[in-house]
Amino acid sequence: MLNIVIFGAPGSGKGTQSEKLIEKYGLYHISTGDLLRKEIKAGSELGKIADSYISKGQLLPDSLIIDLLAKLLDTTPETRQGVIFDGFPRTIPQAEALDTMLAERGTAVSAVIGLEVDEAELIDRLLKRGQVSGRSDDNLETIKKRLDVYHTQTTPLRDYYVENGKYKAIHGMGSVDTIFVSITEALADCK
Ligand code: ADP
């Protein structure tokens, strides 16, 4: 069973490549960003809390996200066929919690796909997305904050996954299809 973490800065193409991975490997997609945006739209309690962090470009507290994930894994039988985690984990405590959650369910992270993209290109992509996405966080000020948060809180995870041998660095610039070919090659020896 494949459990893939797709990892990279905001704008690195995680959502786009996730869609292609789902199609090829039949994985269940868990995007924490999409889940939170749904809660915001529904006006739930969690949505109200999420909105206050997301619109400032900050991460939600680990405990909230970890609970959300644990509930989802428990209530969604399809996740037992393999999952693509998109936007989670984003901190070391989240990565440790994911390892524990999967171990309790008799499985583990198979590989971490790290999409590596230049900073200028990231900003360019996010500003372009902002013109159509309607997302409250796709504006220059919040984009800069998100990249800052990514560098301080999320990049340490790269070392975490390099050390346990799961990190696969992927050059995330160029066409969507070329990047996808590199990903499938990197996953060729994973189960
Ligand atoms: P992107 O990677 O393009 O910034 P996402 O849709 O993955 O977008 O996330 C949007 C926002 O949702 C983040 O900036 C953060 O506020 C919140 N969020 C998503 N996933 C997490 C997470 N695992 N931990 C904490 N906050 C999260």
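Predicted, not measured: the structure shown is a model, and the values here were computed from it. (Residues numbered from 1 in each chain as written. Predicted model: local features only at pLDDT ≥ 70, side-chain atom pairs only at ≥ 80, totals over all residues. Heavy atoms only, no water.)

Observations regarding helix α9 (residues 176-187)
Let me state the cut-off plainly: Secondary structure elements are taken from DSSP: a helix is a run of H or I of four residues or more, a strand is a run of E of two residues or more, and numbering for both begins at the N terminus. Here, expected helix span is obtained from the residue count minus one, scaled by 1.5 Å. Here's how the labels work: a residue is buried when its accessible area is under 20% of the maximum for its type, exposed when over 50%, partly exposed in between, all with a 1.4 Å probe on protein chains only. Taken from the helix axis, the directions to the C-beta atoms give the arc we talk about. Every residue pair with non-hydrogen atoms within 4.5 Å of one another is taken to be in contact.
For α9, built from 12 residues, the straight-helix expectation of 16 Å at 1.5 Å per residue is met to within 8% by its first-to-last C-alpha distance of 17 Å. For α9, the set of buried residues is I179, F180, I183, T184, A186 and L187. Buried residues in α9, looked at end-on, bunch into an arc of 160°, giving them a common side. Buried-residue contacts for α9 involve β1 (3-8), α1 (14-25), β4 (111-116) and β5 (167-171).

Section: the sheet that holds strand β3 (residues 83-86)
For clarity, the threshold we go by: We treat two strands as partners when DSSP finds at least two bridges between them. Geometry is summarised by axes, namely lines fitted to C-alpha atoms with helices restricted to the contacting stretch, and by angles between N-to-C directions that run from 0 to 180 degrees.
Read across the open sheet, the 5 strands follow the order β2-β3-β1-β4-β5; overall the sheet is parallel. Looking at which strands have only one partner, the edges of the open sheet turn out to be β2 (28-31) and β5. Put simply, the sheet's adjacent strands are angled 20° from each other on average, direction ignored. Here β1 pairs with β3 via 4 bridges, running parallel. By the bridge assignment for β3, V5 is matched with F85. Of the strands in this sheet, β1, β4 and β5 are in contact with α9, which crosses β5 at around 160°.

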